[in-house]
Amino acid sequence: MRRICSSCCFTRRVSNTHQKAEHIQRSIGTMENPKEGNAYGVSEKQNGSSIKSRNGFPSNIILNHDFSRGLDSWNLNCCNGSVVTAESGSFEGLSVKSGSNYAVITNRKECWQGLEQDITCRVSLGSTYSVSAFVGVSGSLQGSADIKATLKLEYQGSAASYLFIGRTSVPRQQWKKLEGTFSLSTMPDRVVFYLEGPSPGVDLLIESVVIFCSSPIKDESSSTRCAAEGDENIILNPRFEDGVNNWSGRGCKILLHDSMGDGKIVPQSGKFFVSATERTQTWNGIQQEITGRVQRKLAYEVSAVVQIFGNNITSADVRVTLWVQTPNQREQYIGVAKVTDKEWIQLQGKFLLNASPSRVVIYLEGPPPGTDILVNSLAVKHAEKIPPSPPPFIEDLAFGVNIIQNSNLNDGSNGWFPLGNCTLSVTTGSPHILPPMARDSLGIHEPLSGRYILVTKRSQNWMGPAQMITDALKLYLTYQVSAWVRIGPGATGTQNVNVALGVDNQWVNGGQAEVGNDRWYEIGGSFRIEKQPLKVMAYIQGPAPGVDLMVAGLQIFPVDRHARFRHLRKETDKIRKRDVILKFSGSGTGTPIGTFVKVRQTQNSFGFGSCVSRTNIDNEDFVDFFVKNFNWAVFGNELKWYWTESQQGNFNYRDADELLDLCKSYNMETRGHCIFWEVEGTVQPWIKQLNKNDLMTAVQNRLTGLLTRYKGKFRHYDVNNEMLHGSFYQDRLGKDIRASMFKTANQLDPSATLFVNDYHVEDGCDTRSRPEKYIEHIIDLQKQGAPVGGIGIQGHIDSPVGPVVCSALDNLGALGLPIWFTELDVSSINEFIRADDLEVMLREAFAHPAVDGIMLWGFWELFMSRDNAHLVNAEGEINETGRRYLALRKEWLSHGHGHVNEQGEFMFRGFHGSYAVEIGTGSKKISKTFVVDNGESPLVVSIDL
């Protein structure tokens, strides 16, 4: 594993070499608030050097001064380090007070190597600061060793300088106090405090560090001061009242304006705005360096008022982006937010830095070259913590009650109206039974009437029967949709039929089916409304103009999820548990009756995993939750071709290697996602420019390079992602290329299970990837000799309904291949509803015999592809969705205790997986391990004592 506390190199030399940007991160996550009190009676504040703590003492500007949070906020200076507690024992005779921690800095090759902290944003020009640190040394040394406190001062465009603060001589096995003061006569771009000094090979020990402002400046309005903590804007000159000071052009010019366009464009607020002009690249724009004003693991909100200006352009994307460089020269681009408009509009977003940065620049970019970016203001503030929404209270719940009026058409077409200029009539001949998915939810139900609505004279796809349901809907309830549909003769092939909802003129998908005129087809889907609408209309649409549409038995009803959960618990017990008999034997005397036995499950054999990205593992809080609560991993982008070879012949496997190292160190299995991606929009430009022969060579090189490098390291591979939704490689290289990819991958790494992987398979809302289509696709690949070993269902789903999901699993399960949910996420602004959605998906998967594992597509806020999908809030707090996930994981582990019976046995029923058993024999305790695998008959485990 790559150690969390291992160093990022910080040397006395200024390097002129910089790595190119390695990746663009979509969005990103943060840290718990610093402690307000410490052993010195001073408060650790993020900003504002002369702020007083609540008890009146000056504020300590050093974060995590006593290492109570490990090495959080500290950086190692080309060496290694760890934090030791007093309770873990003395270190070479050193004593510390109970409850204290101290840092041990090891593997020092130079005298200047030690521990550092960036304090740029917490010091001010002209103030005097007092420094106090308790330090020690260990290792092979004669006599004493000098330890020094030093400041590194960096100025843009010139070499760094160093300011000596203080020194102390420290013998072994003693703590010494190092003291000194400093004041800054000029304000550097970056100020780093660090401790150094002992000879190479001598370990440096640090118990605590305090720096406080002993003589604050009187002028609190100095433009060089950092923003105070709280809701202060960390952007300097944010409204351009001081011209363009603190701002610069990023590859272009910036100009100050009070108006433009013959006075047609004026500031939305304030007196001025700035234009980024003479732009020749999309990344050109306006920028400000904010190094030292942002802290790692804190969430920040960004708000900007922007617009665009240029001839012959009416709209274009404007984006806020962060460029971040870490001390080891790794670069990162973080997309914060984007907006499209030509009027003044507010752009908003959030970001978080996982690693301690050496430089951070925020800039606006995006429109095509020649288009000016106009900025009226920019604010970056510590994100306000928004209290969670309470569980929704829903009155007069009536689960299973159809909100569609006259669904059985007993009263003719009353309650229905034609949407558009079409004709509705009622006739007979439709099925009398409920569609299967509705039957699974509603149970025993009266037969349908056999009547249906016939829609004729349709001149547009959207024309069909409609009904207003505004007053019947309740917010936050999940509704299941079910109907029988059919089309009349005259259509060219099958037609897409859709149950839709018009919610204040927004289209909501209630389910789709591909329908012919040969029989009746089931439509099944679901939806939920989370904001109060003015009007909601349900309607059925889809076939081509001129094709008659038939609709029978439309049902829209709220589902009782908890009733379904009770059913799933019973199913889970059947397929995920097994009876176990522990049979004890001893040497000679046998096992005494009544011996106490304690059984504890240590791991479930079912796969529970999550997506992880390289930037995540710089956040030790993220890593801690990840390794404790998942046993599988998949990489968000780091294995995709556009990441590993964004430019032809320029390979980046570093990120994937580091993620694999972390997974290996925690014995986590990994999925390889993905070798190819069939959707054209995800293919890098250089590949699109290749001719057929060169493209075939590139495909073969990709397969050979990736699978040879990682042979045996990934248990699964998604070979060609989303083949039901894209055809880039097939269009250019022929139909056989897909099966060829599978065959070659299997030859290069026979140990890996090869998966197909696609989305909207399980929710009934996409005819391209309905289970029937997916089955046809898999069988077609197998006929061509493709060794398809597993079925991936991505699982990006909204308002899931159990029977709809289960129906898809039943159909796919008939193929006999293992099914995995490979990218599961659910989204709701209310975390209790989100938790219900997640529980639906987890329980349906865990209760289905064809499913072998579930991968979440992330869990940490700001590091997910969907908003309002996280289990852990940005600064590390587990929300209701996360608590629900942890509760289910706990529910699905078996524990038990009791006594050995007269037959020398202990029996229990437990989930499949790994177990530890402790047997108390009176004089000693004996521990053994065993595995419960899948099986019908009881598992007998013989334990020899």
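Residues numbered from 1 in each chain as written. Predicted model: local features only at pLDDT ≥ 70, side-chain atom pairs only at ≥ 80, totals over all residues. Heavy atoms only, no water.

J.: Would you take a moment to explain helix 3 (residues 620–629) for this structure?
T.: For an α-helix, 3.6 residues make a turn, and residues three or four places apart therefore share a direction. Among the residues making up helix 3, those that are buried are Phe622, Val623, Phe625, Phe626, Val627 and Asn629. Where helix 3 is buried, its residues contact strand 34 (607–612), strand 35 (632–635), helix 5 (654–665) and helix 13 (880–891). Two or three places before Asp621, at the start of helix 3, stands the capping residue Asn619, its side-chain oxygen 2.9 Å from that residue's backbone nitrogen. (Buried < 20%, exposed > 50% of the residue type's maximum accessible area, 1.4 Å probe, protein only. Helix = DSSP H or I, 4+ residues; strand = E, 2+ residues; numbered from the N terminus. Contact = heavy atoms within 4.5 Å. Polar contact = N/O pair within 3.5 Å; in protein donor to acceptor, adjacent residues only side chain to side chain.)

J.: I would appreciate a short explanation of the packing of aromatic side chains in the present structure.
T.: Counted according to the given criterion, the structure contains 39 aromatic pairs. Here Phe240 and Trp247 contribute two aromatic rings whose centre-to-centre distance is 5.1 Å and whose plane-to-plane angle is 40°, an arrangement assigned as tilted. You'll find Phe240 and Trp247 in the same group, each marked buried. Grouped by ring-pair contacts, the aromatic residues Phe622, Phe625, Phe626, Phe630, Phe859, Trp860 and Tyr885 constitute a single cluster. Against the face of Tyr363 rests Arg250, its NZ or CZ located 3.8 Å from the ring centre. Of note, Arg843 hangs over the ring of Phe565, and the distance from its end group to the ring centre comes to 5.5 Å. (Phe/Tyr/Trp six-rings, centres within 6.5 Å; stacked < 30°, edge-to-face > 60°. Lys NZ or Arg CZ within 6 Å of the ring centre and 35° of its normal.)

J.: Explanation requested: the packing of helix 11 (residues 802–813) against helix 12 (residues 831–846) in the structure shown.
T.: Helices that pack against each other are described as a pair by the angle of their axes relative to one another and the distance between those axes. Two elements in contact, helix 11 and helix 12, have axes whose closest approach is 10 Å; the angle formed by their N-to-C orientations is 35°. Like other packed secondary-structure pairs, helix 11 and helix 12 cross with a definite hand, here right-handed. Side by side, helix 11 and helix 12 meet where Gly802, Pro803, Val805, Cys806 and Leu809 of the first sit next to Val840, Met841 and Glu844 of the second. Tallied by class, residues from the contact of helix 11 with helix 12 come to six nonpolar, one polar and one charged. (Axes fitted to C-alpha atoms, helices over the stretch in contact; angles between N-to-C directions. Left-handed = near helix turned anticlockwise from the far one by under 90°. Nonpolar A, V, L, I, M, F, W, Y, C, P; charged D, E, K, R; others polar.)

J.: Teacher, can you tell me more about unusual backbone geometry here?
T.: Trans peptide bonds make up the majority, and among non-glycine residues the majority have a negative phi. Here the amide bond leading from His673 into Cys674 is cis, since omega sits at -10°, within 30 degrees of zero. In this structure, Cys674 sits in strand 36 (residues 669–677). In this model, Lys297 sits at a positive phi of 65°, which is unusual for a non-glycine residue. Within the secondary structure, Lys297 sits in the loop between strand 15 (285–289) and strand 16 (299–309). Even without glycine at this site, Ser799 takes up a positive phi of about 40°. Mapped onto the fold, Ser799 is located in the loop between strand 39 (790–793) and helix 11. For Ser799, a relative accessible area of 4% gives the class buried.

J.: Whenever I open this one, the sheet that holds strand 13 (residues 253–257) confuses me. Can you help?
T.: Two modes of strand pairing occur in sheets, parallel and antiparallel, and in both the strands are linked by backbone hydrogen bonds. Taken in spatial order, the five strands of this open sheet run 13-14-21-16-19, and their pairing is antiparallel. The two strands at the open ends of the sheet, each matched to only one other strand, are strand 13 and strand 19 (345–352). Pairwise comparison of adjacent strand axes, ignoring direction, gives a mean angle of 35° for this sheet. Summarising the sheet, strand 16 and strand 19 pair through eight bridges and their orientation is antiparallel. The residue bridging Glu301 from the neighbouring strand is Lys350, located in strand 19. (Pairing = 2+ DSSP bridges.)

J.: Explain the pattern of salt bridges here, please?
T.: Pairing between side chains becomes possible if they bear opposite charge and their charged atoms approach one another. Per the stated rule, a full pass over the model turns up 52 salt bridges. Between Lys385 and Glu875 there is a salt bridge, with its nearest N and O atoms 3.6 Å apart. Separated by 490 residues along the polypeptide, Lys385 in the loop between strand 21 (372–382) and strand 22 (417–419) and Glu875 in the loop between strand 41 (851–856) and helix 13 bring together distant segments of the chain. The salt bridge partner of Asp573 is Lys577, with a shortest N-O separation of 3.5 Å. A residue is classified by how much of its surface remains accessible, and Asp573, at 29% relative accessible area, is partly exposed. Each of the salt bridges in this network shares a partner with another, and the network as a whole consists of Arg569, Glu831, Asp836, Glu839, Arg843, Glu880, Arg883, Arg884 and Glu891. (Salt bridge = Lys/Arg side-chain N within 4 Å of Asp/Glu carboxyl O.)

J.: Looking at this model, I keep getting lost on the environment of Leu378. Mind explaining?
T.: Here Leu378 lies in strand 21. Under the relative-accessibility criterion, Leu378 is labelled buried at 1%. Taking the C-alpha atoms as reference points, Leu378 and Val306, 72 residues apart in sequence, are found 8.9 Å from one another. Apart from the residues lying within four places of it in its own chain, the contact partners of Leu378 are Asn233, Ile235, Pro238, Trp247, Val302, Ser303, Ala304, Ile362 and Leu364.

J.: Sorry, what's going on with the side chain of Gln288 here?
T.: One can find Gln288 in strand 15. The exposure class assigned to Gln288 is buried, which follows from its relative accessible area of 1%. Ignoring anything within four residues of it in the chain, the contact list for Gln288 reads Ile234, Ile235, Leu236, Asn246, Trp247, Arg293, Val360, Val361 and Ile362.

J.: Is there a simple way to explain the sheet that holds strand 42 (residues 895–899) in this structure?
T.: What the four strands build is an open sheet, ordered 42-33-44-45; its pairing is antiparallel. The strands lining the two open edges of the sheet, one partner per strand, are strand 42 and strand 45 (925–932). Sheet twist, expressed as the average angle between the axes of neighbouring strands with direction ignored, equals 20°. In this structure, strand 33 (residues 596–604) lies alongside strand 44 (residues 913–920), joined through eight bridges in antiparallel fashion. Bridge pairing in strand 44 places Val597 opposite Ile919.

No statement about biological role is implied by the geometric values presented.
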